[in-house]
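Breakdown of the fold
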Amino acid sequence: MPKPRLLAALLERLTLQSKLVLGFGSVLVLAVVLGIQGLLVQQQFSHDFERLQAEEVVGVSRAKEAEVQLAHMLLGLRKAAEVRDEAAREALLGEVEASRSQLRLATRQLRGTIMLRENEERLGEFEALLTRIDGIAGEAVERVRLGLADEARDIIDGGVLEDVTRQADRLMGAIAATKERNADVASRDIRAFVARQTTFSVALLVGGVGVMLLCSWAIGRSIRRPAARVRRAVETIALGRLDA
């Protein structure tokens, strides 16, 4: 007996309750599979997005913050060396100290987002330059507070501080650019993953609906055929054809 007929015969032998359980069970299995697949996709998407946020987006923000604070610190030093009013000078020096603190904080936070070796090396060089910048800036601040504006300007505009600051800014810019490229790549990967999973979900849904329709047709046929045979038998008996 061919397999389709064998399966049909086996299905016809099942009780009506078993057939109903089989039909509703297929619907339940499809719902569970789609639910599990959706949860897995959501979990993977959340993991990838959190990684993108923690490693790249936050890293770019901290690198940009470091660049801004570095520029603010140098600008504040120049202004403080030019101002004659003591109160205004102290206010500017306070801003310089705040920029130095924010710069160190941004650098520490940035280190937690560094994953590539090349960026780790750049950050190490930046921190070494930052130590030099802190030392030079500290000397300039001390001269300003002592009223030695000319000496402070010599330190600030002597070329060393500007050169070291330019190197540090270039390194931080390279870190930010690398992280921005990585963020773009990660975003494309996430979008590609979502597109693949959406296609798979649609295919799974269409295939599941097809299987459900096939099962429904097979179950309905297994109910109709025995019922039709019983009806024909009853009609035959009613006609007095007992030998049929």
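Before any of the text, the structure's been laid out above.
Computed from a prediction, not measured in an experiment: that's the story for all the values here.

Side note on the pattern of salt bridges
This structure, assessed with the given rule, holds 16 salt bridges. Residues Asp134 and Arg104 are paired through a salt bridge, measuring 3.6 Å at the closest nitrogen-oxygen approach. Here the residue Asp134 occupies a position in helix H4 (residues 117-145), and Arg104 occupies one in helix H3 (residues 86-111), the gap between them amounting to 30 residues. Judged by its relative accessible area of 17%, Asp134 is buried. A relative accessible area of 30% places Arg104 in the partly exposed class. Close ionic contact of Glu127 with Arg111 constitutes a salt bridge, the shortest N to O distance being 2.9 Å. With Glu127 in helix H4 and Arg111 in helix H3, the pair connects residues that are 16 residues apart, well separated along the chain. What makes Glu127 partly exposed here is its relative accessible area of 27%. Each of Arg78, Asp157, Glu162, Asp163 and Arg166 takes part in salt bridges that share partners, so that together they form one network.

Observations regarding the environment of Val202
Along the chain, Val202 falls in helix H6 (residues 160-238). You can call Val202 partly exposed: its relative accessible area is 47%. A sequence separation of 168 residues divides Val202 from Leu34, and the C-alpha atoms of the two residues are 9.8 Å apart.

What to know about the nonpolar core
The biggest cluster of nonpolar side chains holds 35 residues, and the ones touching the most others in it are Leu77, Phe126 and Met172. Considering every element that reaches this core, the biggest residue donor is H4, with 10 residues. If we skip the residues at most four places from it in the chain, Leu77 touches Val96, Ala137, Ala140, Val141, Ile156 and Leu161.

Considerations on the packing of H3 against H4
Running from N to C, H3 and H4 point in directions that differ by 165°, and their axes come no closer than 11 Å. The angle between H3 and H4 falls in the class roughly antiparallel. Crossing handedness for the pair H3 and H4: left-handed. Residue-level inspection shows Arg89, Glu90, Leu93, Val96, Glu97, Arg100, Leu103, Arg104, Thr107, Leu110 and Arg111 of H3 in contact with H4, the latter providing Glu120, Leu123, Gly124, Phe126, Glu127, Leu130, Asp134, Gly138, Val141, Val144 and Arg145. Each residue belonging to the contact of H3 with H4 can be placed in one class, and the counts come to 9 nonpolar, 3 polar and 10 charged.

A word on H3
In this model, H3 (26 residues) spans 38 Å end to end at C-alpha, consistent with the 38 Å of a helix rising 1.5 Å per residue. Buried residues of H3: Arg89, Leu92, Leu93, Val96, Ser99, Arg100, Leu103, Ala106, Thr107 and Leu110, and no others. The N-capping residue of H3, defined by a side-chain oxygen 3.3 Å from the backbone nitrogen of Ala87, is Asp85.

Details of the layout of surface pockets
What the largest pocket holds in volume is close to 290 Å³. Taken together, 16 residues make up the lining of the largest pocket; nearest its centre are Arg51, Glu55, Glu56, Asn182 and Ala186. Within the residue set of the lining of the largest pocket, elements represented by two or more residues are helix H2 (16-82) and H6. Of the residues forming the lining of the largest pocket, the biggest block, 6 residues, is contributed by H6. Across the lining of the largest pocket, the residue classes break down as 7 nonpolar, 3 polar and 6 charged.

Conventions adopted
Residues numbered from 1 in each chain as written. Predicted model: local features only at pLDDT ≥ 70, side-chain atom pairs only at ≥ 80, totals over all residues. Heavy atoms only, no water. Salt bridge = Lys/Arg side-chain N within 4 Å of Asp/Glu carboxyl O. Helix = DSSP H or I, 4+ residues; strand = E, 2+ residues; numbered from the N terminus. Buried < 20%, exposed > 50% of the residue type's maximum accessible area, 1.4 Å probe, protein only. Core = buried A, V, L, I, M, F, W, Y, C linked by side-chain atoms within 4.5 Å. Contact = heavy atoms within 4.5 Å. Axes fitted to C-alpha atoms, helices over the stretch in contact; angles between N-to-C directions. Parallel < 35°, antiparallel > 145°, perpendicular 65-115°, else oblique. Left-handed = near helix turned anticlockwise from the far one by under 90°. Nonpolar A, V, L, I, M, F, W, Y, C, P; charged D, E, K, R; others polar. Expected span 1.5 Å × (residues − 1). Polar contact = N/O pair within 3.5 Å; in protein donor to acceptor, adjacent residues only side chain to side chain. 1 Å grid on protein atoms, 1.4 Å probe; cavity = no way out; pocket = protein on both sides within 12 Å on 5 of 7 lines; lining within 4 Å. Points joined across faces, edges and corners; volume = space filled by probe spheres on them.

Remember that the coordinates give geometry; whether it matters functionally is a separate question.
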